[in-house]
Amino acid sequence: MIGFEWTAAKFFWYLFFMFFTLMYFTFYGMMAVAATPNQNIASIVAAAFYGLWNLFSGFIVPRNRIPVWWRWYYWICPVAWTLYGLVTSQFGDITDKLDTGVTVKDYLNSYFGFKHDFLGVVAAVVLGFVVLFLFIFAYAIKALNFQRR
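The rules we used
- Residues numbered from 1 in each chain as written.
- Predicted model: local features only at pLDDT ≥ 70, side-chain atom pairs only at ≥ 80, totals over all residues.
- Heavy atoms only, no water.
- UniProt positions renumbered as here; feature names shortened; annotations may be inferred.
- Salt bridge = Lys/Arg side-chain N within 4 Å of Asp/Glu carboxyl O.
- Buried < 20%, exposed > 50% of the residue type's maximum accessible area, 1.4 Å probe, protein only.
- Helix = DSSP H or I, 4+ residues; strand = E, 2+ residues; numbered from the N terminus.
- Axes fitted to C-alpha atoms, helices over the stretch in contact; angles between N-to-C directions.
- Parallel < 35°, antiparallel > 145°, perpendicular 65-115°, else oblique.
- Left-handed = near helix turned anticlockwise from the far one by under 90°.
- Contact = heavy atoms within 4.5 Å.
- Expected span 1.5 Å × (residues − 1).
- Arc of directions from axis to C-beta.
- Polar contact = N/O pair within 3.5 Å; in protein donor to acceptor, adjacent residues only side chain to side chain.

The name given to the protein in an unreviewed UniProt entry is ABC-2 type transporter transmembrane domain-containing protein, with the source organism recorded as Vitis rotundifolia. You can read under Subcellular location (unreviewed entry) in the UniProt record for the protein the words "Membrane".

As structure tokens, then:
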């Protein structure tokens, strides 16, 4: 309905990014609960990070328009990498021209700064967030003990 091409490669890229995005959100939630004393504080911490992730994901404000002193947060934001991967995997190699005469590929590069050649790195970083949140959860559940006797 939104113009995805019916190719196996694009389908599996979509599945990859959606699956691992759901995994890092799940592990982030588990990590937040394990690293805080109770679920109320975990929900406050998680909500704060979710808001920051959405703000710096590059969807509301593209990376090129984020002030230079805040761009570092764009690069450590997991949602930004997911957005980069989903958009680039589906539309980053399309050479059809828009109404303005620019190709879709060139538009993604000029407006968002997305390059289709960077897709492998994006996939590795998304996978890295899954592993990072998993290990922090495992460490927090082992090392932090908030129970009182």
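A. Representation of the pattern of salt bridges within the structure. One pass over the full model with this rule turns up two salt bridges. The partner of Lys10 in a salt bridge is Glu5, and the shortest N-O contact between them spans 3.8 Å. A residue is classified by how much of its surface remains accessible, and Lys10, at 5% relative accessible area, is buried. In this structure Glu5 comes out as partly exposed when scored by relative accessible area, which is 38%. For Lys10, the salt bridge identified is with Asp93, shortest N-O distance 2.9 Å. Of the two residues, Lys10 sits in helix 1 (residues 8–35) while Asp93 sits in the loop between helix 4 (78–91) and helix 5 (104–112), which places them 83 residues apart along the sequence. When its relative accessible area of 37% is taken as the criterion, Asp93 is described as partly exposed. Here the salt bridges do not stand alone but share partners, grouping Glu5, Lys10 and Asp93 into one network.

B. Highlighting the packing of helix 1 against helix 2 (residues 39–55). For the pair helix 1 and helix 2, interaxial distance at closest approach is 8 Å and the crossing angle is 140°. Between helix 1 and helix 2, the crossing angle belongs to the class labelled oblique. Read as a crossing pair, helix 1 and helix 2 show a hand that is right-handed. Only Ala42, Val45, Ala46, Phe49, Tyr50 and Trp53 of helix 2 make contact with helix 1, whose side of the interface consists of Phe25, Tyr28, Ala32 and Val33.

C. Just helix 2, in detail. When the terminal C-alpha atoms of helix 2 are compared, their 24 Å separation across 17 residues agrees well with the 24 Å that a helix rising 1.5 Å per residue should span. Of the positions making up helix 2, those classed as buried are Ala42, Ala46 and Trp53. For helix 2, the buried positions fall inside an angular range of 25° around the axis, keeping them on one side. Buried-residue contacts for helix 2 involve helix 1, helix 3 (71–75), helix 4 and helix 6 (119–143). Among the residues of helix 2, the N-terminal cap falls to Asn38, whose side-chain oxygen and the backbone nitrogen of Asn40 are separated by 3.1 Å.

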